[in-house]
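Each chain is listed here by its residues.
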Amino acid sequence: MQRRKAIRLLLGTAALPLLPREVFALFRQAHGDLPASPALKTLNAHQDATVTTIAEWIIPQTETPGAKAVRVNEFIDLILSEWFEDEDRTKFLAGLTSVDTQSHDLYGKDFVDCSTVQQKQLLTAMDEALTEARQSEKHASRRRRHVMPADTSFFYAMKQLTLVGYFTSEDGAKQALHYEVIPSQHIQCAPLQEAEEVSK
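Okay, so let's go over this structure. None of these values were measured; they are calculated from a predicted model.

**Points about the pattern of salt bridges**
Inspection of the entire model under this criterion finds seven salt bridges. For Glu74, the salt bridge goes to Arg71, with nearest N and O atoms at 2.5 Å. With a closest N to O distance of 2.8 Å, Arg89 and Asp86 form a salt bridge. Remark: Asp86 and Arg89 occur in helix H5 (residues 86-107); sequence separation between them is three residues, near one turn of the helix. Classification of Arg89 by relative accessible area gives buried; the value is 17%. Looking at Asp86, the relative accessible area reads 54%, which means it is exposed. It is possible to trace a salt-bridge network through shared partners that takes in Arg3, Asp33, Lys41 and Glu82.

**Considerations on the nonpolar core**
Counting 47 residues, the largest nonpolar core has Phe27, Ile79 and Phe92 as its most contacted members. If you list the elements that add at least two residues to this core, you get helix H1 (3-12), helix H2 (21-32), helix H3 (45-58), helix H4 (72-82), H5, helix H6 (116-139) and helix H7 (150-167). With ten residues, H7 is the largest single contributor of residues to this core. Ignoring anything within four residues of it in the chain, the contact list for Phe92 reads Val51, Ile76, Leu80, Phe84, Phe154, Ala157, Met158 and Leu161.

**Looking at the packing of H3 against H4**
It is the contact of H3 with H4, at a shortest axis distance of 9 Å, that shows an interaxial angle of 125°. Taken together, the axes of H3 and H4 lie oblique to each other. Relative to H4, H3 is oriented so that their crossing is right-handed. Contacts between H3 and H4 involve Asp48, Val51, Thr52 and Ala55 from the former and Val72, Asn73 and Ile76 from the latter. Across the contact of H3 with H4, the residue classes break down as four nonpolar, two polar and one charged.

**Thoughts on the packing of aromatic side chains**
Per the counting criterion, the structure on display carries five aromatic pairs. Between Phe27 and Trp83, the aromatic rings sit 4.9 Å apart at their centres with planes inclined by 15°, giving stacked as the arrangement. Of this pair, Phe27 sits in helix H2 while Trp83 is found in the loop between H4 and H5, placing the two residues 56 residues apart along the sequence. Accessibility expressed as a relative area gives 0% for Phe27, which makes it buried.

**A closer look at the environment of Phe92**
Along the chain, Phe92 falls in helix H5. Sequence separation of Phe92 and Phe155 is 63 residues, and the distance between their C-alpha atoms is 8.8 Å.

**Concerning the packing of H2 against H4**
Orientation of H2 relative to H4, taken along the N-to-C sense of each, is 110°, at an axis distance of 10 Å. Judged by the angle between their axes, H2 and H4 are roughly perpendicular. Contacts between H2 and H4 involve Phe27, Ala30 and His31 from the former and Phe75, Leu78 and Ile79 from the latter. Across the contact of H2 with H4, the residue classes tally to five nonpolar, one polar and no charged.

**Here's the deal with H5**
Its 22 residues place the ends of H5 32 Å apart at the C-alpha level, agreeing with the 32 Å of an ideal helix rising 1.5 Å per residue. Buried residues of H5: Arg89, Phe92, Leu93, Gly95, Leu96, Val99, Asp100 and Ser103, and no others. Projected down its long axis, H5 carries its buried residues within an arc of 140°, all on one side. Across H5 from its buried face, at more than 90 degrees, point the exposed residues Asp86, Glu87, Thr90, Lys91, Asp105 and Leu106.

**Concerning unusual backbone geometry**
One non-glycine residue, Arg71, lies in the positive phi region at around 65°. In this fold, Arg71 is placed in the loop between H3 and H4. The class for Arg71 is partly exposed, based on a relative accessible area of 23%.

Rules used in this analysis
Residues numbered from 1 in each chain as written. Predicted model: local features only at pLDDT ≥ 70, side-chain atom pairs only at ≥ 80, totals over all residues. Heavy atoms only, no water. Salt bridge = Lys/Arg side-chain N within 4 Å of Asp/Glu carboxyl O. Helix = DSSP H or I, 4+ residues; strand = E, 2+ residues; numbered from the N terminus. Buried < 20%, exposed > 50% of the residue type's maximum accessible area, 1.4 Å probe, protein only. Core = buried A, V, L, I, M, F, W, Y, C linked by side-chain atoms within 4.5 Å. Contact = heavy atoms within 4.5 Å. Axes fitted to C-alpha atoms, helices over the stretch in contact; angles between N-to-C directions. Parallel < 35°, antiparallel > 145°, perpendicular 65-115°, else oblique. Left-handed = near helix turned anticlockwise from the far one by under 90°. Nonpolar A, V, L, I, M, F, W, Y, C, P; charged D, E, K, R; others polar. Phe/Tyr/Trp six-rings, centres within 6.5 Å; stacked < 30°, edge-to-face > 60°. Expected span 1.5 Å × (residues − 1). Arc of directions from axis to C-beta.

The following block contains the structure:
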């Protein structure tokens, strides 16, 4: 399977477990292409810090390694550099810029400089907007193509890349896929049973 087809499948599926096994195999191979020490190819230092922070919110460190510990940010940089089409890479980077734009509008500073409370508020709002956009997309007329707003399509790509980057890493693969990552109310990496109890 070609890398670009794997990316299309990743960004077009509703749930990671629905992906073909060969897609997961390709992404597992990508981890082997990571250099021994960090060497970013696409992301600059600030963009990398933003990606790292968002990814860690999606899969935080608990009793198990979080996204940062398994180098998800470096995985995303590699995928952007070697797997993404130029247009898609540009859109993703524009989405990162949009995160800071929204953060400045709300809090007067970059996302990475915000408090954890402010970061959580912004990501929760983005996640809710993504949910609404995908529901609209689902119910859109088949005769009319529905396109998600740039900021929501970015956040969807960010979530998918974080999840696949984590669960195809050596440490992430050891974790059973029975966690609901960023469920409703933004409960971080909460077991399904716990999330259901909080939602009641």
